[in-house]
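# Inside the fold
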Amino acid sequence: MGPATSPQGGPLTRRGFVLRLLAGVGGVLAAALVVPAAGFAAGPAIAGRLRWPFLGGSVPPTPRATGWRAIGPVGDFELGVPKLVPVTLPVKVEGAVEPTQVAVYVVEQDQADAVILDIHCTHMGCPVAWSDGAKRYLCPCHGGAFTATGDPVAGPPPRPMDRYQTQVTDQQVWMGPLIEPA
Ligand code: FES
């Protein structure tokens, strides 16, 4: 089988692959919801291409980003109900930093507390989607499921969804750096 190619027909570099993986909330979730079979096939390939260090059981979330950013006023969120929020982060891939749109789930706990979750499954990195009916984040790749606050409850995910540091001040939800998995 030949190397992967970009939409323009050229070789798909690792950097391009990562940016494509992260780009576009709609595209990410469409992939998660519409093509589970493709996601199943792509999971191991994605892990292999990025050389994530926890192959075989657990992968880290998106490339690391630092700093704090306002996510929205607390009134934008419903208590206990995950909301998908697009966030533009400076993502460093192979030495270059580019503003890249990613998605997070924000779950308001109360007027002074919230949880912000990376959307990638901790099994092999597929994007999960919140199901109002199941009251779970569902992973299309291998049947993983998580509670609203990211605890694994079904399937192979070995640990909770990854969280960003969070603060609620002056009625505003703030998102900080990722919390490194234990
Ligand atoms: Fe395997 Fe989510 S990637 S269950």
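For the structure, see preceding data.
Described below are features of the structure shown in this document. What you see is a predicted model; the values in this text were computed from it and never measured.

Thresholds applied
Residues numbered from 1 in each chain as written. Predicted model: local features only at pLDDT ≥ 70, side-chain atom pairs only at ≥ 80, totals over all residues. Heavy atoms only, no water. Helix = DSSP H or I, 4+ residues; strand = E, 2+ residues; numbered from the N terminus. Contact = heavy atoms within 4.5 Å. Core = buried A, V, L, I, M, F, W, Y, C linked by side-chain atoms within 4.5 Å. Buried < 20%, exposed > 50% of the residue type's maximum accessible area, 1.4 Å probe, protein only. Phe/Tyr/Trp six-rings, centres within 6.5 Å; stacked < 30°, edge-to-face > 60°.

## Thoughts on the environment of Val97
By the secondary structure assignment, Val97 is in strand S3 (residues 96-110). Sequence-distant contacts of Val97, defined by excluding residues within four places in its chain, comprise Pro90, Val91 and Lys92.

## Section: the nonpolar core
With 18 residues, the main nonpolar core has Ile71, Val87, Val104, Val106, Ile116, Val173 and Met175 as its most contacted residues. Elements that contribute at least two residues to this core include exactly strand S2 (83-93), S3, strand S4 (113-118), strand S9 (163-169) and strand S10 (172-178). Considering every element that reaches this core, the biggest residue donor is S2, with five residues. Contact partners of Val106, with chain neighbours within four places excluded, come to Ile71, Phe77, Val81, Pro82, Lys83, Val85, Val115, Ile116 and Val173. Counting residues in each nonpolar core, the second largest holds 17 residues, with Ile119, Cys121, Cys126 and Tyr137 among its members.

## Here we look at the packing of aromatic side chains
Counted under the stated rule, the structure contains two aromatic pairs. With a centroid separation of 4.8 Å and 55° between ring planes, the pair formed by Tyr105 and Tyr137 is classed as tilted. In this pair, Tyr105 sits in strand S3 while Tyr137 sits in strand S6 (residues 136-138), placing the two residues 32 residues apart along the sequence. An angle of 65° between the planes, with centres 5.0 Å apart, marks the rings of Trp130 and Tyr137 as edge-to-face. With a relative accessible area of 16%, Trp130 lands in the buried category.

Worth remembering: the numbers are spatial, not functional.
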